[in-house]
Amino acid sequence: MISPRGYNKRILVTGGAGFLGSHLCERLLAAGNDVLCVDNYFTGSRSNIAHLLDNPHFELMRHDVTFPLYVEVDEIYNLACPASPVHYQHDPVQTTKTSVIGAINMLGLAKRLGARIMQASTSEIYGDPAVHPQPEEYWGNVNTIGPRACYDEGKRCAETLFFDYHRQHKLSIKVIRIFNTYGPRMHPNDGRVVSNFIIQALKGEPITIYGDGRQTRSFCYADDLVDGFIRFMATPADVTGPINLGNPGEFTMLELAEKVIRLTGSSSRIEHRPLPQDDPKQRRPDIAKARALLDWEPKVPLDEGLTRTIDYFKTRFFS
Ligand code: NAD
Ligand code: UDP
Ligand code: UDP
């Protein structure tokens, strides 16, 4: 849709200076949109979007989404929220506030503007899943009082708010449940497994496996995920989701460690550390809905995505 300003859409990306947000801003600009990136730099940074700052169609605003935001946009992607367990447990009260109050403010903004709004939800809403792989119909298994609850319950409540604004105020919503995603611009110190293993391997330090390493995760490359975001936003209004987006390839953390050691040519050995409380034992998306409704599936195999991510970390931090 061409806006009255004669250009393409004006799109708000909250959390746009983060890992996924920066890839999304890039892709939306490349498609000819105006992008307003809003971020409080809690886990993101200007360096993630430094290459976009000279683009006249890109605007950066420092703002915390727990406070109201009055801007004029045609579409909203709500990504603002720390995503790694180390970051979201650093200030758990702020994590819940960001998810819940941030969602209320962005939904209020969408309501005033009649703008379409997408929520970056998460596979964490399934908790430590008793159903495997996880279809969207599964209601999850979350410990409401554990250390992960600030994130899991915050994101669950945000989903509730999205669906209530949809039913009560007829908002056009899109809810994605994102499974573990990796790629260039992951925060080097956020403690997530892919960045941890790559940095440890490149430094020749021990690879830290939590627990016995037989827990599983499914890893999606960032470009694939962003492609899914954009396809989903373009679907008709009755396609609200929630829709799982992730790579159905499932690996144990031991398998991931072996791949990273092989692809980096590292001499690092494996060291076991205690398993964090409530760490999910298994996770794999059922992506039948994304295939049917978005004609989407991930294209980048894990070895190739890891190679690109290793190249990024090497260039950025080791050269
Ligand atoms: P990230 O930490 O790199 O990005 C989050 C961004 O939000 C950062 O730039 C941060 O500064 C910003 N932010 C945090 N609190 C804010 C606030 N109150 N106001 C404004 N900005 C704020 O994480 P990411 O991996 O890019 O995740 C992006 C979104 O995707 C998050 O909502 C996350 O929950 C969701 N998600 C990510 C994954 C994944 O594997 N990467 C998986 C599931 C869901
Ligand atoms: N809001 C905002 N920008 C807007 C409109 C609303 O940040 O352009 C915030 C505002 O803080 C409000 C919240 O969104 O509290 C929810 O808005 P809504 O209209 O749903 O509820 P109300 O204004 O009645 O609280
Ligand atoms: N993990 C690990 N070593 C690390 C970091 C994480 O073995 O250095 C494990 C962690 O316990 C979990 C999996 O890797 O089982 C994925 O962790 P991550 O924090 O990346 O994501 P999440 O648990 O949110 O899926």
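Residues numbered from 1 in each chain as written. Chains lettered and ligands numbered in written order. Predicted model: local features only at pLDDT ≥ 70, side-chain atom pairs only at ≥ 80, totals over all residues.

Going by an unreviewed UniProt entry, the protein chain carries the name NAD-dependent dehydratase and comes from Azospirillum thiophilum. The protein chain has a UniProt comment under Cofactor (unreviewed entry) that states "NAD(+)". UniProt's Subcellular location (unreviewed entry) comment on the protein chain is quoted here verbatim: "Cytoplasm". (UniProt positions renumbered as here; feature names shortened; annotations may be inferred.)

(A) A look at the UniProt feature "domain: NAD-dependent epimerase/dehydratase" (unreviewed entry) in the protein chain. In the numbering adopted here, UniProt assigns the feature "domain: NAD-dependent epimerase/dehydratase" (unreviewed entry) to residues 11-246. Measuring from the first to the last C-alpha atom of residues 11-246 gives 24 Å, for a span that is 35% helix and 19% strand. (Helix = DSSP H or I, 4+ residues; strand = E, 2+ residues; numbered from the N terminus.)

(B) Up close: the site of ligand 1. In the vicinity of ligand 1, 30 residues are found, and the nearest of them are Gly15, Gly18, Thr43, Gly44 and Ala83. Looking at the shell around ligand 1, the elements that each hand over two or more residues are α1 (19-30), α3 (92-113) and β5 (116-122). The residue inventory of the shell around ligand 1, partitioned by class, reads 13 nonpolar, 15 polar and two charged. (Near = placed C-beta within 6 Å. Nonpolar A, V, L, I, M, F, W, Y, C, P; charged D, E, K, R; others polar.)

(C) The confidence of the model for the protein chain, seen in detail. On average, residues of the protein chain carry a pLDDT of 96, and 98% of them reach 70 or more. Across the whole predicted complex the pTM is 0.97, and at the interface the ipTM reaches 0.98. (pLDDT = per-residue confidence, 0-100.)

(D) Geometry of the sheet that holds strand β3 (residues 58-62). Judged by pairing direction, the sheet is parallel, and its seven strands sit side by side in the order β3-β2-β1-β4-β5-β6-β11 without closing on themselves. What marks the edges here is a single partner per strand, and that holds for β3 and β11 (243-245). This sheet shows a mean twist of 20° between the axes of neighbouring strands, independent of strand direction. As judged from the three bridges shared by strand β6 (residues 173-178) and β11, these two strands associate in the parallel manner. Looking at the pairing, Ile178 lines up with Leu245 of β11. Relative to β5, helix α4 (residues 149-169) is tilted by about 155°, and along the sheet it contacts β5 and β6. (Pairing = 2+ DSSP bridges. Axes fitted to C-alpha atoms, helices over the stretch in contact; angles between N-to-C directions. Contact = placed C-beta atoms within 7 Å.)

(E) Structural context of the site of ligand 3. As a matter of local geometry, ligand 3 sits amid 15 residues, with Arg192, Val193, Asn196, Thr208 and Tyr210 nearest to it. Mapped onto the shell around ligand 3, the elements with two or more residues apiece are α5 (193-203) and β8 (207-210). Per-element accounting of the shell around ligand 3 gives the leading share, three residues, to β8. Class assignment of the residues belonging to the shell around ligand 3 gives a composition of six nonpolar, six polar and three charged.

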